[in-house]
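Each chain, letter by letter, is given below.
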Amino acid sequence: MTLETTSDFDVVTCYQSYLNDQDISTPVAVFKALTDFVRQSTAPTMSEFMQTLDKASKAVREASEQVELRSLHKQPFQHHKATIATLAGLDLFMRFVKRNSHDFSSAEAKTFNDFKTNLLSRATLILDKASMARVKAAEIGAQFIHDNAVILVQAYSRVIMGVLSHAANVQNKRFKVYVTEGRPNSEGLRAVEELHAAGIPCRAVLDSAVGYIMDKVDMVFVGAEGVVENGGVINQIGTYQIALVAKALGKPVYAVAESYKFVRVYPLNQYDLPACTPEIVRFTSRNAATTANDDIDLASSNPFVDYTPPQYLTLLLTDLGVLTPSGVSDELIKLYL
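Keep in mind the model is a prediction, meaning the values are calculated, not measured.

**Here we look at the sheet that holds strand β4 (residues 219-222)**
Sheets are built from strands paired through backbone hydrogen bonds, the pairs being either parallel or antiparallel.
Consideration 1: Pairing within the open sheet is mixed, and its 7 strands lie in the order β3-β2-β1-β4-β7-β9-β10. In this open sheet, the two strands that pair with only one neighbour each are β3 (202-205) and β10 (321-323). With direction set aside, neighbouring strand axes in the sheet form an average angle of 25 degrees.
Consideration 2: Of the pairings in the sheet, the one linking strand β1 (residues 149-153) to β4 comprises 3 bridges and is parallel in character. Paired with Val153 across the two strands is Phe221, which belongs to β4.
Consideration 3: Sitting on the sheet, helix α5 (residues 112-142) is in contact with β4, β7 (253-256), β9 (315-318) and β10, with an inclination near 135 degrees to β9.
Consideration 4: Where helix α6 (residues 158-170) meets the sheet, its contacts fall on β1, β2 (175-180), β4 and β7, and the angle it forms with β2 comes to roughly 165 degrees.

**Concerning the pairing of β2**
Consideration 1: Two strands pair when backbone bridges link them, and β1 and β2 are joined in this way by 5 bridges, in the parallel orientation. Pairing of Val150 across the sheet is with Lys176, part of β2.
Consideration 2: In this view, the connection linking β1 to its parallel neighbour β2 by way of α6 has right-handed handedness.
Consideration 3: Relative to β3, β2 runs parallel, the two being bridged by 4 bridges. Along β3, the bridge assignment pairs Thr180 with Val205.

**Quick notes on the pattern of salt bridges**
Consideration 1: Inspection of the entire model under this criterion finds 5 salt bridges.
Consideration 2: The residue Asp54 makes a salt bridge to Lys58 at a minimum N-O spacing of 3.5 Å. In this pair, Asp54 and Lys58 both sit in helix α3 (residues 46-74), 4 residues apart, roughly one turn of the helix.
Consideration 3: By relative accessible area, Lys58 is classed as exposed at 53%.
Consideration 4: Arg190 is paired through a salt bridge with Glu194; the nearest N and O atoms lie 3.4 Å apart. One end of the pair, Arg190, and the other, Glu194, are both in helix α7 (residues 188-197), 4 residues apart, so they sit about a helical turn from each other.
Consideration 5: Given a relative accessible area of 17%, Arg190 falls into the buried group.
Consideration 6: One connected set of salt bridges, linked through shared partners, spans Arg134, Glu258 and Lys261.

**Quick notes on the nonpolar core**
Consideration 1: Within the largest apolar cluster, 38 residues are counted, with the highest numbers of intra-cluster contacts made by Val11, Tyr15, Leu34, Phe49, Leu53 and Phe93.
Consideration 2: Judged by nonpolar contacts, the second largest core, of 30 residues, contains Val153, Val163, Val177 and Leu315.

**Quick word on the packing of helix α4 (residues 83-100) against α5**
Consideration 1: Orientation of α4 relative to α5, taken along the N-to-C sense of each, is 135 degrees, at an axis distance of 11 Å. Taken together, the axes of α4 and α5 are oblique relative to one another. Relative to α5, α4 is oriented so that their crossing is right-handed. Together, Phe96, Val97 and Asn100 of α4 and Phe115, Leu119, Arg122, Ala123 and Ile126 of α5 make up the contact between the two elements.
Consideration 2: When the residues that make up the contact of α4 with α5 are grouped by side-chain class, the tally is 6 nonpolar, 1 polar and 1 charged.

**Some remarks on the packing of helix α2 (residues 26-40) against α4**
Helices that pack against each other are described as a pair by the angle of their axes relative to one another and the distance between those axes.
Consideration 1: With their axes 7 Å apart at the nearest point, α2 and α4 run at an angle of 40 degrees to one another. Taken together, α2 and α4 sit at an angle that is classed as oblique. Crossing angle aside, the handedness with which α2 passes α4 is right-handed. Contact residues: Thr26, Pro27, Val30, Phe31, Leu34, Thr35 and Val38 in α2; Ala85, Thr86, Ala88, Gly89, Leu90, Leu92, Phe93 and Phe96 in α4.

**What about unusual backbone geometry?**
Consideration 1: Positive phi outside glycine occurs at Asn172, with the angle close to 55 degrees.
Consideration 2: Take Asn172: it is sitting in the loop between α6 and β2.
Consideration 3: Asn172 sits in the exposed class, given a relative accessible area of 58%.
Consideration 4: At Ser186, a position not held by glycine, the phi torsion is positive, near 55 degrees.
Consideration 5: Following the sequence through the fold, Ser186 ends up in the loop between β2 and α7.

**Digging into helix α9 (residues 239-248)**
Consideration 1: Taken as a whole, α9 has its buried residues at Thr239, Ile242, Ala243 and Ala246. Buried residues in α9, looked at end-on, bunch into an arc of 95 degrees, giving them a common side.
Consideration 2: Where α9 ends, the next residue or the one after it, Gly250, has phi of about 70 degrees, a positive value.

**Looking at the side chain of Ser25**
Consideration 1: Looking at the secondary structure, you find Ser25 in the loop between α1 (11-19) and α2.
Consideration 2: Here Ser25 falls in the buried class, since its relative accessible area comes to 2%.
Consideration 3: There is a polar contact of 2.7 Å between the side chain of Ser25 and the side chain of Arg134.
Consideration 4: At 3.2 Å, the side chain of Ser25 and the side chain of Tyr260 are in polar contact.
Consideration 5: Filtering out sequence-adjacent residues up to four positions away, Ser25 remains in contact with Arg134, Arg158, Glu258, Tyr260 and Lys261.

What counts and what doesn't
Residues numbered from 1 in each chain as written. Predicted model: local features only at pLDDT ≥ 70, side-chain atom pairs only at ≥ 80, totals over all residues. Heavy atoms only, no water. Pairing = 2+ DSSP bridges. Helix = DSSP H or I, 4+ residues; strand = E, 2+ residues; numbered from the N terminus. Axes fitted to C-alpha atoms, helices over the stretch in contact; angles between N-to-C directions. Contact = heavy atoms within 4.5 Å. Right-handed = clockwise from strand over helix to strand, strands pointing away. Salt bridge = Lys/Arg side-chain N within 4 Å of Asp/Glu carboxyl O. Buried < 20%, exposed > 50% of the residue type's maximum accessible area, 1.4 Å probe, protein only. Core = buried A, V, L, I, M, F, W, Y, C linked by side-chain atoms within 4.5 Å. Parallel < 35°, antiparallel > 145°, perpendicular 65-115°, else oblique. Left-handed = near helix turned anticlockwise from the far one by under 90°. Nonpolar A, V, L, I, M, F, W, Y, C, P; charged D, E, K, R; others polar. Arc of directions from axis to C-beta. Polar contact = N/O pair within 3.5 Å; in protein donor to acceptor, adjacent residues only side chain to side chain.

The values reported here are purely geometric and, on their own, carry no functional implication.
Written out as C-alpha cells, the structure is:
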C-alpha cells in the first residue's frame, strides 16, 4: 500500500519484511511497520495523518488475511497463524497513538512535527520494552517447572521454547518434554529438533495421542497467538482439546504469552474468531463433484487456530506477572484507560 502522504513508502511490504524475521512476533511486526509509516508520513495536519494511518492499518489487516490463506502452502513452519495476532498489534499501536494525541495541543508539542517527534521517540521505548517481553515471560514461566517434571507442550512456540531453555540452562532443572506434532504443518518437529540440540530430553507425540499420554504428564504449557478479553487464548489448532483432556485429568495448563498479545476480542465460540473460516465446517451436496485434491488437502480446509475458554486454563504467565484468566480484563482496562 502506497499513500500520497507517505511518498513511495509501502506499509504492507514493510510489515511483510518484518514478518520474515523469525524472532519478531506478529504484533511487534505490525507496530514496527506502522512506526515506520509514521516516520515516512508527510501528512501536514493531524486530521490527514489520522486518515492515512487508518488506511494503513486496514491495509495491514487485509494483508495479514491474505498471508493466512497462503502461508501453509509457502512456509514449512507457519509464522503467521491468524489475524488475531495482527489485531493485537493494530490495537496496541492505535491505542498508543490516541493516548499521545493530546500532546498535539499541549505545550510539549506546539506543532504537528513536534507531535510526530514525540510519538516516534515513545514508540522506540515501547519497542525496546516489547523486545524484552518474551524473555520476562519465559523467566516467569520457568518458575513453574520443578525438577523431574514431565511436561507436555503444544507444537512450536518461541516463548515456550524460552521457558524450557531458561529452566534447563539458567535454573539447571531436570525435566522431560512431550511435544505434540502440531498438524497440519508439523511444527512440533521443529521444537523437538531444537530441544534435542539444547540437550533437553524430549519426544514427539501424535496430536491424537494426547489423551493417551496425559496420565504421564505433570503439567501442560501452551503459547498464544492472542489473549482475549475473558482470559481465554487463541492458539495453534489442537490447544483446546489438550486443555480439555488436561482439565478432565486434573493437570494444570499454563498459557505463556507476551502482554502485547492482549486483544479486545470476545469470541463466543470456535466459529466466532477473527480469522478465516475453514471449509471443514461446510459440506457439499451429495451430487457435487469432488477431486482427489479435495479429499487430501487437509491443510487448506482445516483451521489454523482454535479458542480455549478461560475455565480450562490454570494461569496466564506473562511479562506483566502471573495472572488468573479473570485478571486479563483488569489489565486490558488499565491499557485502554
